[in-house]
Amino acid sequence: MSIIATTKNGVFIAMPDGRLDTNTSPEAEQLIMAAIENGENKIVIDFSKTDYISSSGLRVILKTAKVLKPKNGKAALCNTNKQIHEVLEISGFLGVLKSFDSLDEAMTFVNS
Amino acid sequence: MLNKFFPDFEDNVKREKPRDMLYIVDEQAPKSTVIIVGLQHVLILLMGTIVVVMTGRTIGMEESEVRGFLSTSIVVLGVATLLQGLRTRFSSGHLVTHTPSYVSASIFAIVATNFGIGAAAGAIILSGVIVILLSRFLSKLQVAFPPEITGILLVLLALSIVEKGVSRYTGLHGSSIDLNAVMIASTVLGAIVGFSVWANNKVRVLAVLIGTVLGLIVATLLGEYGGEQLVEVASQPLISFPFFAYQTPTPTLVLAATIPILIIEIISAIYSIGTGVVIDKMNNAQWRRTDMSMIGRLISCHGIGVLLNGLTGTIPSGTSTASLGLTHASGVATRNVAVAAGIALIVISLFPQISTFITLLPQPVLGAVVVYTAGYMFVSGAQLIMSRMINSRRKFMIGISMVIGSSIILMPELTANVPQNLKPILGSGLSMGVLTAIVLNLLFRIGVAQQSEITLEGNKAGSRTTEFLEECGADRGARPDVISRASTAAGEALEELNRAKLILGTAKLKAYFDEYRLILTLTYPGKKIPIEPQKQLDLDALLDEEGDAGLDAAISNISGVLIKNLADKVTSSEVSGNSELKLVFAH
């Protein structure tokens, strides 16, 4: 799996490509944690290229929210497919991080 | 004995009302709504009875006899429609209406002209009995009618009524289009669509009636409706008992007359399967598969209608597709409407002026309703076809059947030289398309086992599980949402087994699939996954905790939550160091 990372309008955007599971989530976590350590405190995880998420992928989301909280940072998710949305819903993660239908909406939220 | 062949009415379907419907089959709509919508169905059905008038005149009936022929036909339509709305062992219990069949009318005219009306009546009686008997076997044919095949049936049925609708819509004569007809029909169609989409619920139920009135106004302004039609209406008696004006013929059995009528009626019954699928789907947002018991009862009622047509010497009726369009446009599918419409038809048969007035309404009005219905059925059919996973086998099955069916409809010259006695089957795009689909579906099952197995090892086990289940799902035409849930649940199980170090070697995953469930069995050396009631996680509190230990425990908990919520049944067991996790998914 590759993870595409960009910064736009002061927001760090991570876009996992493929599956976000036990094999690929360590790389994703490392990338996002490095960005936060470099001073990024507005993070959007864009799932438009992600086919599948497992509980290991949820760990990345949870860790991101946990690390951002004391820094008064904000994170959001966007462009989830049906499988990802269902996993987020069942696990209760939609109460922790907001999920939006588009990158623009997610960026507006973290910038507000 | 009766229960064995014709089981009592049973309806255990849990329905969820679709967003675009106001009242579904079991709901009680206000009496005024039932009456208004019922009368609109009567309007459409009576407009279809013009074929009865035309057939009566074609076979040389006197005008008074044509009136009785029409009134008697309307009584039978009323009885059949009323019966369909009731919850009996011989009826669908849905809003399904009956209308004279154009194809049946053509063959009726031919047989009556060559062999006499008695021979036509005898053939229709026999056909009705056979359709009733055949209806009982339909509930056993679930495997022959998966959603893709019923979808093909709907698309081809829609295609087959396009000609009927568009020729009336455009007033097509040879190659010339009647612009007045287009204006009338466009007014009606525009009104139906507009009121269906934008009007509030109270007005929406009047969509077809408003459209018809507007169409009639436009027709009058264009000079297409007026004095001539009103004179014919006025020439009819105010009240006339149907059976006095038309002498029921004595049925006779003539083989040369019986065979073509029997074949046509069996094909007409197949058309009614499509009607049944559409009305079933229209009543349930959670529709998953065809309710073949309901379809069987619908066809029984269809057969009873045909039997009554034979006993009264009238043209065989079939279920009305135009009524489906009205049901969707109005949003009212409660069965009481069928009862109201049936009673109204029987009462109206006593008043020839009313039935003649409606019969003489401009044909573009009916054309607009048929065009609306065809459009709706195209989309419904396409939705059904795409509701299941598709691989190359299914692509070929769907594609080839659609090409065969549509080519016969679009290119009637293809079957111009087919022997007359084979024409009803080989010349019917719907029959040939559906038959091709059924044969190919059965053929392409060769090599597809009900159960498949895979060995999982290494760090690609999760992605390999997803690929395996998607292949199985595509082979068997499974619902994509069920395969997705199964893939996620199985993937979670593997992750948790590795995370908790419960698995000590290679795992095997078996997938068993039938139309009603998917069963995954994961066997492996090691300890069983504990399936305990999951405590509610406080994710917000976790965000404030020091360190990541809480995070890891939470993820294990979430794994269990996902497995238990995605699967409909989970069992975990261990015997002598080997464990088994079984996940059952309702399909």
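Residues numbered from 1 in each chain as written. Chains lettered and ligands numbered in written order. Predicted model: local features only at pLDDT ≥ 70, side-chain atom pairs only at ≥ 80, totals over all residues. Heavy atoms only, no water.

1. Examining the overall build of chain B
Link 1 in the chain: Per the secondary structure count, chain B includes 25 helices and seven strands.
Link 2 in the chain: Principal-axis analysis of the C-alpha atoms gives chain B an extent of 95 × 55 × 50 Å.
Link 3 in the chain: Within the span of chain B, comprising 587 residues, buried residues form 56% of the whole.
Link 4 in the chain: A separation of at least 24 residues holds for 80% of the contacts in chain B among residues at least 6 apart in sequence.
Link 5 in the chain: As presented, chain B carries roughly 24800 Å² of accessible surface, and 63% of it is formed by carbon and sulfur atoms. (Helix = DSSP H or I, 4+ residues; strand = E, 2+ residues; numbered from the N terminus. Buried < 20%, exposed > 50% of the residue type's maximum accessible area, 1.4 Å probe, protein only. Contact = heavy atoms within 4.5 Å. Areas by Shrake-Rupley, 256 points an atom, 1.4 Å probe, with all protein chains shown as cover.)

2. Focus: the interface of chain A and chain B
Link 1 in the chain: Tallying the contact residues gives 23 residues for chain A and 31 residues for chain B.
Link 2 in the chain: Overall, the association of chain A and chain B removes approximately 2200 Å² of surface from exposure, summing both partners, and the carbon and sulfur fraction of that is 59%.
Link 3 in the chain: Taken together, the connections running from chain A to chain B amount to one salt bridge.
Link 4 in the chain: Put simply, A:Arg59 and B:Asp552 hold a salt bridge, and the shortest N to O gap is 2.8 Å. (Buried area = accessible area lost by both parts, 1.4 Å probe. Salt bridge = Lys/Arg side-chain N within 4 Å of Asp/Glu carboxyl O.)

3. A few points about the sheet that holds strand β7 (residues 578-586) of chain B
Residues and elements named next belong to chain B.
Link 1 in the chain: As summarised here, the arrangement of the five strands in space is β3-β4-β5-β7-β6, forming an open sheet in which the pairing is antiparallel. Where the open sheet ends on each side, the last strands, each with one partner, are β3 (451-456) and β6 (569-575). If you compare each strand with its neighbour and ignore which way they point, the axes differ by 15° on average.
Link 2 in the chain: Looking at chain direction, β3 and strand β4 (residues 507-514) are connected through six bridges and run antiparallel. What sits directly across from Ile454, in β4, is Leu509.
Link 3 in the chain: Its contacts with the sheet place helix α22 (residues 461-476) against β3, β4 and β5 (517-525), and it is angled at close to 165° to β3. (Pairing = 2+ DSSP bridges. Axes fitted to C-alpha atoms, helices over the stretch in contact; angles between N-to-C directions.)

4. Topic: the domain arrangement of chain B
All names here are of chain B.
Link 1 in the chain: Domain annotation for chain B reports domain 1 (2-7 + 29-142 + 150-228 + 248-387), domain 2 (390-446) and domain 3 (451-586).
Link 2 in the chain: Taking the mean C-alpha position of each, domain 1 and domain 3 sit 51 Å from one another.
Link 3 in the chain: Taken together, the four residues of domain 1 in the interface contact four residues of domain 3.
Link 4 in the chain: Counting the contacts that link domain 1 with domain 3 gives zero salt bridges.
Link 5 in the chain: In this structure, the connection of domain 1 to domain 3 is made through zero residue pairs in polar contact (both at pLDDT 80 or more).
Link 6 in the chain: For the side of domain 1 that touches domain 3, a count of residues per class yields no nonpolar, two polar and two charged. (Domains from an automatic or database assignment. Polar contact = N/O pair within 3.5 Å; in protein donor to acceptor, adjacent residues only side chain to side chain. Nonpolar A, V, L, I, M, F, W, Y, C, P; charged D, E, K, R; others polar.)

5. A short note on unusual backbone geometry
Link 1 in the chain: Phi at A:Asn79 is positive, roughly 55°, even though this residue is not glycine.
Link 2 in the chain: Along the chain, A:Asn79 turns up in the loop between β5 (74-78) and α3 (82-91).
Link 3 in the chain: Judged by its relative accessible area of 23%, A:Asn79 falls in the partly exposed class.
Link 4 in the chain: In this structure, B:Lys501 takes a positive phi of about 55° despite not being glycine.
Link 5 in the chain: Relative to the assigned elements, B:Lys501 resides in the loop between α23 (480-499) and β4.
Link 6 in the chain: Among the residues examined, B:Lys501 registers a relative accessible area of 70% and is labelled exposed.

6. Focus: empty space enclosed by the protein
All names here are of chain B.
Link 1 in the chain: The final tally for this structure, using the stated rule, is four cavities of 30 Å³ or more.
Link 2 in the chain: Approximately 50 Å³ is the volume attributed to the largest cavity.
Link 3 in the chain: In terms of lining, the largest cavity is formed by Phe9, Glu10, Asp11, Arg15, Val25, Ser92, Gly93, His94, Asp291, Met294, Arg297 and Arg335.
Link 4 in the chain: Looking at the lining of the largest cavity residue by residue, the classes come out as three nonpolar, three polar and six charged. (1 Å grid on protein atoms, 1.4 Å probe; cavity = no way out; pocket = protein on both sides within 12 Å on 5 of 7 lines; lining within 4 Å. Points joined across faces, edges and corners; volume = space filled by probe spheres on them.)

7. Concerning helix α14 (residues 292-312) of chain B
Link 1 in the chain: Relative to the 30 Å expected for 21 residues at 1.5 Å per residue, α14(B) spans 30 Å between its end C-alpha atoms, a close match to the ideal helical length.
Link 2 in the chain: Here α14(B) lies mainly inside the structure; 17 of its 21 residues are buried. (Expected span 1.5 Å × (residues − 1).)

8. Focus on the confidence of the model for chain A
Link 1 in the chain: A residue-level look at chain A finds 99% of positions with pLDDT of 70 or above and a mean pLDDT of 93.
Link 2 in the chain: Looking over chain A, one finds the lowest element-wise mean pLDDT in strand β1 (residues 2-8) of chain A, namely 90, and the highest in strand β3 (residues 42-46) of chain A, namely 96. (pLDDT = per-residue confidence, 0-100.)

9. Quick look at the pattern of salt bridges
Residue and element names in this part refer to chain B.
Link 1 in the chain: Per the counting criterion, the structure on display carries 18 salt bridges over all chains.
Link 2 in the chain: A salt bridge links Glu232 to Arg57; the shortest N-O distance between them is 3.1 Å. Here Glu232, found in helix α11 (residues 227-234), pairs with Arg57, found in helix α3 (residues 50-58); they are 175 residues apart in sequence, far enough to count as distant.
Link 3 in the chain: Given a relative accessible area of 27%, Glu232 falls into the partly exposed group.
Link 4 in the chain: Two residues, Arg394 and Glu148, come together in a salt bridge whose shortest N-O distance is 2.3 Å. Taken together, the residues span a long stretch of sequence, with Arg394 in helix α19 (residues 392-410) and Glu148 in helix α7 (residues 147-170) at a distance of 246 residues. Exposure class is identical for Arg394 and Glu148. Each is buried.
Link 5 in the chain: One continuous salt-bridge network, built from bridges that share partners, spans Asp11, Arg15, Asp26, Arg87 and Arg335.

10. Digging into the pairing of β6(B)
Residues and elements named next belong to chain B.
Link 1 in the chain: Sheet analysis places β6 next to β7, joined by seven bridges and oriented antiparallel. The residue of β7 that forms the bridge with Thr571 is Lys582.
Link 2 in the chain: Counted between consecutive antiparallel strands, the loop separating β6 from β7 contains two residues, among which Ser576 sits at a positive phi close to 50°.

11. Topic: the environment of A:Asp51
Link 1 in the chain: Mapped onto the secondary structure, A:Asp51 falls in strand β4 (residues 50-53).
Link 2 in the chain: Exposure remark for A:Asp51: the relative accessible area of 52% places this residue in the exposed category.

12. Thoughts on the pairing of β4(B)
Residue and element names in this part refer to chain B.
Link 1 in the chain: Where β4 lies against β5, seven bridges are found, and the strand directions are antiparallel. Along β5, the bridge assignment pairs Phe513 with Leu518.
Link 2 in the chain: Remark: two residues form the turn of the hairpin made by β4 and β5, two consecutive strands paired antiparallel.

13. Quick word on the environment of B:Leu518
Residue and element names in this part refer to chain B.
Link 1 in the chain: When you line up the elements, Leu518 lands in strand β5.
Link 2 in the chain: You can call Leu518 buried: its relative accessible area is 3%.
Link 3 in the chain: Put simply, Leu518 and Gly427 are 91 residues apart on the chain and 40 Å apart in space, counted from C-alpha to C-alpha.
Link 4 in the chain: Ignoring sequence-local partners within four residues, the contact set of Leu518 consists of Val482, Ile483, Ala486, Ala511, Tyr512, Phe513, Leu583, Val584 and Phe585.

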